[in-house]
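The lines below spell out each chain.
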Amino acid sequence: MGGLKDELLKAIWHAFTALDLDHSGKVSKSQLKVQDNFDKIEFNRMCWTLCVKKNLTKSPLLITEEDAFKVWVIFNFLSEDKYPLVIVPEEIEYLLKKLTEAMGGGWQQEQFEHYKINFDDSKDGLSVWELIELIGNGQFSKGMDRQTVSMAINEVFNELILDVLKQGYMMKKGHRRKNWTERWFVLKPNIISYYVSEDLKDKKGDILLDENCCVESLPDRDGKKCLFLIKCLDKTFEISASDKKKKQEWIQAIHSTIHLLKLGSPPPHKEARQRRKELRKKLLAEQEELERQMKELQAANENKQQELETVRKKLEEAASRAAEEEKKRLQTQVELQARFSTELEREKLIRQQMEEQVAQKSSELEQYLQRVQELEDMYLKLQEALEDERQARQDEEMVRKLQARLLEEESSKRAELEKWHLEQQQAIQTTEAEKQELENQRVLKEHALQDAMEQLEQLELERKQALEQYEGVKKKLEMATNKTKSWKDKVAHHEGLIRLIEPGSKNPHLITNWGPAAFTQAELEERERNWKGKKTTE
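Residues numbered from 1 in each chain as written. Predicted model: local features only at pLDDT ≥ 70, side-chain atom pairs only at ≥ 80, totals over all residues. Heavy atoms only, no water.

Per an unreviewed UniProt entry, the recorded name for the protein is Switch-associated protein 70, and the organism is Daubentonia madagascariensis. Its UniProt record gives the protein a comment under Subunit (unreviewed entry), which states: "The SWAP complex consists of NPM1, NCL, PARP1 and SWAP70." (UniProt positions renumbered as here; feature names shortened; annotations may be inferred.)

With that out of the way, let us pick up the overall build of the protein. Per the secondary structure count, the protein includes 12 helices and nine strands. When contacts within the protein are restricted to residue pairs at least 6 apart in sequence, those whose partners lie at least 24 apart make up 59%. Carbon and sulfur atoms make up 52% of the accessible area of the protein, which amounts to about 36600 Å² in all. (Helix = DSSP H or I, 4+ residues; strand = E, 2+ residues; numbered from the N terminus. Contact = heavy atoms within 4.5 Å. Areas by Shrake-Rupley, 256 points an atom, 1.4 Å probe, with all protein chains shown as cover.)

When you line up the elements, Phe 140 lands in the loop between helix 6 (128-136) and helix 7 (146-160). Since its relative accessible area comes to 14%, Phe 140 is described here as buried. Linking Phe 140 and Phe 112, residues 28 residues apart in sequence, is a C-alpha distance of 8.4 Å. Apart from the residues lying within four places of it in its own chain, the contact partners of Phe 140 are Leu 96, Thr 100, Met 103, Gln 111, Phe 112, Tyr 115 and Leu 134. (Buried < 20%, exposed > 50% of the residue type's maximum accessible area, 1.4 Å probe, protein only.)

In the Ramachandran plot, Lys 178 falls in the positive-phi region, its phi being about 60° despite a non-glycine side chain. Looking at where Lys 178 falls in the secondary structure, it is placed in the loop between strand 1 (166-173) and strand 2 (180-188). With a phi angle near 60°, Leu 200 is a residue other than glycine that sits in the positive phi range. Residue placement: Leu 200 occurs in the loop between strand 3 (191-195) and strand 4 (203-208).

Turning to the sheet that holds strand 3, a few remarks are in order. Sheet architecture is open: seven strands sit in the order 4-3-2-1-7-6-5, paired in antiparallel fashion. Each of the sheet's edge strands pairs with one partner strand only, and the pair in question is strand 4 and strand 5 (214-218). In this sheet, adjacent strand axes meet at a mean angle of 35° when their direction is disregarded. In the sheet, strand 3 pairs with strand 4 via five bridges, with the strands oriented antiparallel. Bridging across to strand 4, Ile 191 finds its partner in Leu 208. Set on the sheet, helix 8 (residues 244-263) makes contact with strand 1, strand 2, strand 3, strand 5 and strand 6 (227-231); between it and strand 5 the angle comes to about 160°. (Pairing = 2+ DSSP bridges. Axes fitted to C-alpha atoms, helices over the stretch in contact; angles between N-to-C directions.)

What follows covers helix 2 (residues 40-55). In a regular helix each residue adds 1.5 Å, so 16 residues correspond to 22 Å; helix 2 covers 22 Å between its end C-alpha atoms and thus fits that length. Maximum bend of helix 2: about 35°, positioned at Thr 49. Of the positions making up helix 2, those classed as buried are Lys 40, Ile 41, Phe 43, Asn 44, Cys 47, Trp 48, Cys 51 and Val 52. (Expected span 1.5 Å × (residues − 1). Bend = angle between axes of the 7 residues up to and from the residue.)

Once that is clear, we can look at the pairing of strand 7 (residues 236-240). Residues in a regular strand project their side chains so that they alternate between the two faces of the sheet. Where burial is concerned, most of strand 7 is hidden: four out of the five residues are buried. Relative to strand 7, strand 1 runs antiparallel, the two sharing two bridges. Looking at strand 7, one finds that Lys 172 is bridged to Ile 239. Of the strand pairs in this sheet, strand 6 and strand 7 are connected by five bridges, and their pairing is antiparallel. Looking at the pairing, Leu 227 lines up with Ser 240 of strand 7. What sits between the antiparallel neighbours strand 6 and strand 7 is a turn of four residues.

Our focus in this paragraph is the nonpolar core. Among the nonpolar cores identified, the biggest contains 46 residues, and Trp 72 and Ile 132 are the most heavily contacted of them. Every element with two or more residues in this core is listed here: helix 1 (2-18), helix 2, helix 3 (65-78), helix 4 (89-103), helix 5 (109-117), helix 6 and helix 7. The residues touching Ile 132, leaving out its near neighbours within four places in the chain, are Trp 48, Leu 56, Leu 61, Ile 63, Ala 68, Val 71 and Trp 72. (Core = buried A, V, L, I, M, F, W, Y, C linked by side-chain atoms within 4.5 Å.)

Counted by the stated rule, this structure contains 30 salt bridges. Residue Glu 66 is joined to Arg 45 by a salt bridge in which the shortest nitrogen-to-oxygen separation is 3.0 Å. Of this pair, Glu 66 sits in helix 3 while Arg 45 sits in helix 2, placing them 21 residues apart in sequence. The class for Glu 66 is partly exposed, based on a relative accessible area of 33%. A relative accessible area of 27% places Arg 45 in the partly exposed class. The salt bridge involving Glu 307 is made with Lys 304; its shortest N-O contact spans 3.9 Å. Residue Glu 307 and its partner Lys 304 are both found in helix 9 (residues 268-392); the two are separated by three residues, about one turn of the helix. A network of salt bridges, in which partner residues are shared, links Lys 361, Arg 371, Glu 439, Arg 442 and Glu 446. (Salt bridge = Lys/Arg side-chain N within 4 Å of Asp/Glu carboxyl O.)

Of note, Thr 236 is situated in strand 7. Residues Thr 236 and Ile 207, spaced 29 residues apart in sequence, show a C-alpha to C-alpha distance of 9.3 Å. Those residues in contact with Thr 236 that sit more than four places away from it in its chain are His 175, Leu 229, Ile 230 and Lys 231.

Turning to the environment of Tyr 115, a few remarks are in order. For Tyr 115, the location among the structural elements is in helix 5. Residue class for Tyr 115 comes out buried when judged on its relative accessible area of 17%.

On to the packing of aromatic side chains, then. Throughout the structure, instances matching the rule amount to eight aromatic pairs. For the ring pair Phe 185 and Tyr 194, a centre distance of 5.6 Å and an interplane angle of 40° mean the geometry is tilted. As far as burial versus exposure is concerned, Phe 185 and Tyr 194 are alike and both buried. With centroids separated by 6.4 Å and ring planes inclined at 70°, the aromatic side chains of Phe 185 and Trp 250 adopt a geometry described as edge-to-face. Taken together, the residues span a long stretch of sequence, with Phe 185 in strand 2 and Trp 250 in helix 8 at a distance of 65 residues. In terms of burial, Phe 185 and Trp 250 fall into one category: buried. Directly above the aromatic system of Phe 77 lies the positively charged group of Arg 273, at a separation of 4.0 Å from the ring centroid. A cation over a ring is seen here: Arg 276 above Tyr 94, with NZ or CZ 3.8 Å from the ring centre. (Phe/Tyr/Trp six-rings, centres within 6.5 Å; stacked < 30°, edge-to-face > 60°. Lys NZ or Arg CZ within 6 Å of the ring centre and 35° of its normal.)

Encoded structure:
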């Protein structure tokens, strides 16, 4: 319905234009209401009558005014949806191809390309009157008579405007008399109409098509050939084509129409027109985007040219400055070369001496590092021994303090050793004069290291003495523990034998560690607290 409204608006635009009226704001697509029984051909003919006399060319044409009217309606179908209405070259080519095929001629692509070259670039396309003149002057229908051109226009008009997908004579079997009668069949998107003749004046009936219909081929029978069957919900139509080719064409056309009804798709020519319009819109958008990008590139190119010119000038100035600096450099190069040669020889000699000294110092350093590694191993072993002693002396506070003091002293010595070791590593990276000083310090630190070793030995001796003291204390503790245990056993036995005899309670008797007793629960808890207090005191 939207496509029909567009075509009617275009027809109204032609009429208003012929009457010198401005139709903008008068009729819009939303205001235009189309009834179901609306005859668009008659409406188009009325609008055509209003505008034909004023605009149609006075020069003689090879087509009649009726043919010109049909071309005018086809133009409204194929033109762009913007005003003033024009038909673009792509749609002109499509229409001329359809007319050429209908006339049975061959399409001359080169002729049309030559026509497009001479086409006025200032215009987007042809107006309807220019299109009628193009078709009417016979430029693309040379060798064809007026009747052939008129039949071709009528065939294209039937397909594009009246939605005639196929038409032709076939035999139809009657439903009542069962006789065969020749009828002119016209296939449209949702109906097959059949008439007495091709002038469409005497209509005999319709075959309503929907998605439930189907078409089947039938074998020849009763002297009739090329039979096929159209099945609908309420009726079945038996038809005979003139030959096998016509039969297959009709079956294929009806099957395609039913398939489009199932899919809810428009007729092929309308769908193709919509695709062409969408493609043109897409190409136009891409062309506009390309033009925008070209403008941006052109502006960027101009900016780059200006930047390059500025850079070129700066390079010329830099080149002149570089030439002057090169002259100065050449002058000083000769003077410096002689001085550099003498200094190079002296540097080589000094480097050789330094390498010899470094080799000697490296050997001494390896020996020193080996001794330091031995001390570290000894320190680790000593630390493990001290850790064992610390774990063994956790129960005695005095021995634990002594062990902590020894660990602190050993840690301080270890820190001094590590400090001396780091100083030795830093001293390796100093200059020759610093290395000589480092050698003196290393001798002093070796003496200090020797003193530290002696102190470690003294600490080891003290640790052994502390261990002997720990063993003595431990034995005394064991003896004291044994005496305490025997004393506790005696006290417990004594308390069991000489406990006081007192009147018993009426409560149930309790069983204690010393046998049956007449103690109450409170008395038993009191005696347990007294016993625990004595045990803690002892």
